[in-house]
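Each chain is listed here by its residues.
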Amino acid sequence: MGEHRDDGQTRAGRHAFPGDRSMTAPAQVDVCIIGAGLAGLRAAGRLSEGGRSICVLEARDRVGGRTMGGELCGEPVDLGGQWVGPTQHRVLALCAELGLELYPQYAEGLRLLDIGGRLRRYRGTVPRMSLLAALDAGRAVRGLNRAAATIDPAAPWLAAGAADLDRMTLDQWLRRTLFTRDGRRVLDIMTRAIFTCEAHEISLLAALTTIAGAGSLEVQAEVQGDGAQKLKIRGGAFQLAARLADRLPPGALVLQAPVHAVEPSETGVTVRHAGGEIRAGRVIVALAPALAARIDFGAALPPLRQQLHSRMPMGSVIKALVAYERPFWRARGWSGEVVSDRGPFGPVMDATPPGSPHGFLVGFFDGGHSRALSGAPMDLRRAAAVKALQRYFGPEAATPIGYVDKDWIAEPWSLGGYAGFTAPGTLTTCGPALRLPCGRIHWSGTETATRWIGYLDGALEAGERAAAEVMASPA
Ligand SMILES: Cc1cc2nc3c(=O)[nH]c(=O)nc-3n(C[C@H](O)[C@H](O)[C@H](O)COP(=O)(O)OP(=O)(O)OC[C@H]3O[C@@H](n4cnc5c(N)ncnc54)[C@H](O)[C@@H]3O)c2cc1C
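Residues numbered from 1 in each chain as written. Predicted model: local features only at pLDDT ≥ 70, side-chain atom pairs only at ≥ 80, totals over all residues. Heavy atoms only, no water.

A.B. asks: Hey, could you run me through the overall build of the protein chain in this one?
C.D. replies: Scanning the protein chain from N- to C-terminus turns up 17 helices and 18 strands. Over its C-alpha trace the protein chain gives a radius of gyration of 22 Å, about what one expects of a compact globule, namely 23 Å for 475 residues. Structurally, the protein chain occupies a C-alpha span of about 65 × 55 × 40 Å along its principal axes. Here the protein chain holds 475 residues, and the buried ones make up 61% of them. The contacts of the protein chain with a sequence gap of at least 6 include a subset with a gap of at least 24, amounting to 74%. In the protein chain, 53 positive and 47 negative side-chain charges are present, and the distance between their average locations comes to 4 Å. (Helix = DSSP H or I, 4+ residues; strand = E, 2+ residues; numbered from the N terminus. Rg over C-alpha atoms; globule rule 2.2 N^0.38 Å. Buried < 20%, exposed > 50% of the residue type's maximum accessible area, 1.4 Å probe, protein only. Contact = heavy atoms within 4.5 Å. Lys, Arg positive; Asp, Glu negative; His and termini not counted. Charge placed at Lys NZ, Arg CZ, Asp CG, Glu CD.)

Shown next, in the form of structure tokens:
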């Protein structure tokens, strides 16, 4: 089986969403929703159920945004958001409602830790490092959890000492707290894997807010227990968006309709898109702030909201799947899970589809590693991934039968992933503008969530909250 290229037009995506939607937007609706990711589609569904006429305008030729289907060796795969955790109640409920089955992430056997140029195998959650480094890393994780517990993720700017926490990067705090090199390396790996940025790029307050929204750093990092990587959706998480879109009334979703301007007036809002314009009573902008920045709101936005658009960069990530004839790591008693400080490919996990004769691994180029390879030919990334996998798993990893990846940084309608984050000084100044409606303009997208910020679950929360806001507002 040769290499499979993906350009956003995957077969799996097409099957999931046949593209038989009307391409003509209605002239007038109660609510126009910009963006057909999970947040926008959730908001649209709720408003439609509530009796509002709606139109969703989506820039791409597919729904799902940061979730996306691909194909590898004839199997559907997720090139974007994928895992679901046991405390992500919204996405769990949606799966149940849509009849989508969940199954556990394969996690049997030894895990691999590649730090400081040494490969170590371990079982359970604690990597086999020197006792001192393990204690050091554990102390830092507990410190972050303790600080996060003092923060209300819905209003982190009100936390005690918020200004001090927001003045500092996560890196500054880690440097101050950790005293072993390996402990520091472990926390750097966790930062890249969870926030898809380097520790020196994100404000400490922003990192703590995300941790608070998830419950703890371990819950964000783990496959086991209540870990956010515990479960997967059979057939792929990209089905969620396709199924939500299928439930919308005919003509309510217009693809290939990037919005370039939003003009509110006393009586409504005019939304200008590639195919024309729509008049709406209200508009929901279901995008990350960095994407909202590409829309011209004229003078409609207060300064702090405008600033937020230029002060929330997207994380940096490329997701890749590598197929092998057999899941040879399982036969050796390895789970397939690897974390590495050297990278550039990692974390890695088993991604073998249930019932497949082949073995799949999924991994990430994240943070600085992804920026070094974004925009490069896919062959180069494939070679980098395979080289790293050989280092982790030995010579059997040298001969994959398939490879597919998605460079999210290069996606003009995402600009990166998993999510937007804030650098120091942003949350305590512009943060209160994150969800605050600007007249007839309402804000959604996973970045506006208060639980599971940056995750699928957060996107659903954000959609539901924006829809409720609109329902409670005058027409
Ligand atoms: C590689 C990767 C892996 C991830 N893994 C996980 C995971 O395992 N578990 C998890 O919970 N989360 C994961 N996430 C995060 C999760 O996918 C996102 O939080 C979620 O999908 C965001 O949904 P959203 O609706 O808020 O935004 P989006 O999905 O970004 O939706 C916004 C939509 O707006 C459209 N758009 C943009 N600009 C315009 C415009 N001007 N006009 C019209 N439309 C526009 C976009 O095309 C897009 O469809 C991952 C993300 C990535 C990238």
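A.B. asks: Where do I start with the state of the cysteines in this structure?
C.D. replies: Put plainly, two cysteines are in a disulfide when a covalent bond ties their sulfur atoms together. Following the criterion strictly, the structure yields 0 disulfides and no others. In this model C430 remains outside any disulfide bridge; the closest cysteine sulfur is found in C438, 12 Å from its own. Given a relative accessible area of 2%, C430 falls into the buried group. (Disulfide = S-S within 2.5 Å.)

A.B. asks: Help me understand the packing of helix α3 (residues 89-98) against helix α10 (residues 239-246) in this model?
C.D. replies: For any two helices packed against each other, one specifies the crossing angle of their axes together with the interaxial distance. Packing of α3 against α10 leaves a shortest axis separation of 11 Å and a crossing angle of 60 degrees. In terms of orientation, α3 and α10 fall into the oblique class. Between α3 and α10 the crossing geometry is left-handed. Facing α3, whose interface residues are V91, L94, C95 and L98, α10 presents L240, R243 and L244. Split by residue class, the contact of α3 with α10 holds 6 nonpolar, no polar and 1 charged. (Axes fitted to C-alpha atoms, helices over the stretch in contact; angles between N-to-C directions. Parallel < 35°, antiparallel > 145°, perpendicular 65-115°, else oblique. Left-handed = near helix turned anticlockwise from the far one by under 90°. Nonpolar A, V, L, I, M, F, W, Y, C, P; charged D, E, K, R; others polar.)

A.B. asks: What exactly am I supposed to notice about unusual backbone geometry here?
C.D. replies: Following G343, the chain continues to P344 via a peptide bond in cis, the omega torsion being 0 degrees. By secondary structure assignment, the location of P344 is in the loop between β14 (334-340) and β15 (348-350). Put simply, G346 and P347 share a cis peptide bond, and its omega is 10 degrees. Within the secondary structure layout, P347 lies in the loop between β14 and β15. One non-glycine residue, C73, lies in the positive phi region at around 50 degrees. Despite not being glycine, T196 has its phi angle at roughly 50 degrees, a positive value. Its place among the elements puts T196 in the loop between α7 (181-195) and α8 (204-214). T196 sits in the buried class, given a relative accessible area of 0%.

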